[in-house]
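Residue-level structure breakdown
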Amino acid sequence: MNRSPLEGRMLLRAIGPAIVAGVILTLLTLDIVLGGPLHSWDSSIHTWVAGNRSSGLTDFFRNVTVLGGGKVAFGLVGATALALAFRRSWALAGFALAASAGTAIVVAISKDVIGRARPPLSGRLVDAGGGAFPSGHAAQSLALSLALGFIACRLWPNTRVRLTTIAGGLAVTLLVGMSRVYLGVHWASDVLGGWLIAATWVLLLVGAVNLSTPRPPRPPEVDALPQPIPNKGVQP
């Protein structure tokens, strides 16, 4: 089926960033599997972080890391999907569920296949099981952030609401990722891998939603009222 130039541009904008994220993810995964230079980078970061901990930061990151856990993420996604279904936004409700569930499935498969060991047990401040790569907390936090940001852009015309939703979500995502490294349960590249998985998957879903349910056209802008011509009067 032939697509219009507009649909082609929409498709490129949707999947272009997803392809870039996917390529970077592939290179990152190959480096980890083949024992590339990232291992020494991860080790240096882990050693530095372990030597600069404080009681205040530990308490802070222990609370922050919960925001990327499955219970919080799935709870927020479920509530969002129900709210969207109530207003009959079926495509967006399905998008929210697919963003979180798809990310969780890819993360689980990747952990089993790659089987990367976590940092040493002696340096961990919280319990964690399973493989290290990729970080599920990092992946879920970014998947939720991107999903909510996209939904806000589709439903609310107010630019401030959109920017607040996107900025708030990205800030939480960054803090959750930092918490996994600080608490000693992930290498830094695990967090990066989780972010890349979420970005690749959710951006592909964004493209699918944009192509299947195009955004309604914006109402035409009201032209500015013509300025009255000053009355100069009759020249003497």
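Residues numbered from 1 in each chain as written. Predicted model: local features only at pLDDT ≥ 70, side-chain atom pairs only at ≥ 80, totals over all residues. Heavy atoms only, no water.

1. Topic: the pattern of salt bridges
The criterion, for reference: Between Lys or Arg on one side and Asp or Glu on the other, a salt bridge is scored when a side-chain nitrogen of the former is within 4 Å of a carboxyl oxygen of the latter. Strands here mean DSSP runs of E at least two residues long; helices mean DSSP runs of H or I at least four residues long; both are numbered from the N terminus. For the exposure calls, accessible area comes from a 1.4 Å probe over protein chains only, and a residue counts as buried if that area is under 20% of its type's maximum, exposed if over 50%, partly exposed in between.
All chains considered together, the criterion is met by two salt bridges. R116 is the partner of D190 in a salt bridge, and the nearest nitrogen-oxygen pair spans 2.7 Å. Of this pair, D190 sits in helix α8 (residues 188–212) while R116 is found in the loop between α5 (90–114) and α6 (136–155), placing the two residues 74 residues apart along the sequence. You can call D190 buried: its relative accessible area is 0%. Using a relative accessible area of 9% as the deciding quantity, one classes R116 as buried. Linked through salt bridges whose partners overlap, the residues forming this network are D42, R116 and D190.

2. Quick look at the packing of aromatic side chains
For clarity, the cut-off: When two rings of Phe, Tyr or Trp (its six-membered ring) have centres within 6.5 Å they constitute a pair, described as stacked for plane angles under 30 degrees, edge-to-face for angles over 60, and tilted for the intermediate range. To sit over a ring, a charge needs its Lys NZ or Arg CZ within 6 Å of the ring centre and within 35 degrees of the ring normal.
Using the criterion set out here, one finds three aromatic pairs in the structure. When the centroid spacing of 5.2 Å and the interplanar angle of 65° are considered together, the rings of F60 and F61 count as edge-to-face. Taking relative accessible area as the criterion, F60 reaches 39% and is therefore assigned partly exposed. The exposure class assigned to F61 is buried, which follows from its relative accessible area of 6%. Taken together, the ring pairs connect F60, F61 and Y182 into an aromatic cluster. Cation over ring: R53 sits above Y182, and NZ or CZ is 5.7 Å from the ring centre.

3. Quick notes on the environment of V185
Filter applied, for reference: Contacts are residue-level and defined by heavy atoms, with any inter-residue pair within 4.5 Å sufficient.
For V185, the position within the fold is in the loop between α7 (159–182) and α8. The sequence separation of V185 and R124 amounts to 61 residues, and the corresponding C-alpha distance is 5.7 Å. If we ignore the near neighbours within four places in the chain, the residues touching V185 are R118, P119, R124, V126, A128 and R180.

4. So, the environment of A21
The topology assignment puts A21 in helix α1 (residues 5–33). Accessibility expressed as a relative area gives 8% for A21, which makes it buried. Between the C-alpha atom of A21 and that of T200, which follows or precedes it by 179 residues, the distance is 5.5 Å.

5. Structural notes on unusual backbone geometry
Backbone torsion omega between F133 and P134 reads -5°, so that peptide bond is classified as cis. Residue placement: P134 occurs in the loop between α5 and α6.

6. Some remarks on the packing of helix α4 (residues 70–86) against α6
Put simply, the rule is: Between N-to-C directions, angles span 0 to 180 degrees; the directions come from axes that are lines fitted to C-alpha atoms, helices contributing only their stretch in contact. Here the angle decides the label: under 35 degrees means roughly parallel, over 145 means roughly antiparallel, 65 to 115 means roughly perpendicular, and every other value means oblique. A crossing counts as left-handed when the near helix is turned anticlockwise from the far one by less than a right angle, and as right-handed when that turn is clockwise. Each residue is assigned to one class: nonpolar for Ala, Val, Leu, Ile, Met, Phe, Trp, Tyr, Cys and Pro, charged for Asp, Glu, Lys and Arg, and polar for all the others, Gly among them.
In the contact formed by α4 and α6, the axes pass within 10 Å of each other and the chain directions differ by 20°. By the criterion of interaxial angle, the relationship of α4 to α6 is roughly parallel. Here the hand of the crossing between α4 and α6 comes out left-handed. Contacts between α4 and α6 involve A73, F74, L76, V77, T80 and L84 from the first element and Q140, L144, L148, I151 and L155 from the second. Its residues placed into classes, the contact of α4 with α6 shows nine nonpolar, two polar and no charged.

7. Things to note about the packing of α6 against α7
Where α6 contacts α7, the two axes come as close as 9 Å, and the packing angle between them is 180°. On the basis of the axis angle, α6 is roughly antiparallel to α7. Residues H137, A138, S141, L142, S145, L148, G149, A152 and C153 of α6 lie in contact with α7, whose contacting residues are R162, T165, I166, G169, L170, T173, V176 and R180. Taken together, the residues that form the contact of α6 with α7 break down as eight nonpolar, seven polar and two charged.

8. A closer look at the confidence of the model for the protein
Worth spelling out the cut-off: Here pLDDT means the predictor's own confidence in every residue, given as a number from 0 to 100.
The predicted model of the protein has a mean per-residue pLDDT of 86, with 84% of residues at 70 or higher. Predicted confidence is poor over residues 218–226, with pLDDT under 50, and the contacts of this stretch with residues over four places away or in other chains come to one contact.

9. Here we look at α7
Threshold: Residue count minus one, scaled by 1.5 Å, sets the expected span of a helix. Here a polar contact is taken to be a pair of N or O atoms separated by no more than 3.5 Å, where protein atoms must pair a possible hydrogen donor with a possible acceptor and residues adjacent in sequence count only if both atoms sit in side chains.
With 24 residues, α7 should cover 34 Å at 1.5 Å per step; its first-to-last C-alpha distance of 34 Å lies within 8% of that length. Turning to α7, its buried residues number three or more, namely R162, G169, T173, V176, G177, S179, R180, V181 and Y182. For α7, the elements touching its buried residues are α2 (38–50), α3 (55–64), α6 and α8. Near the N-terminus of α7, the side chain that reaches the backbone nitrogen of R160, with its oxygen 2.8 Å away, is that of N158.

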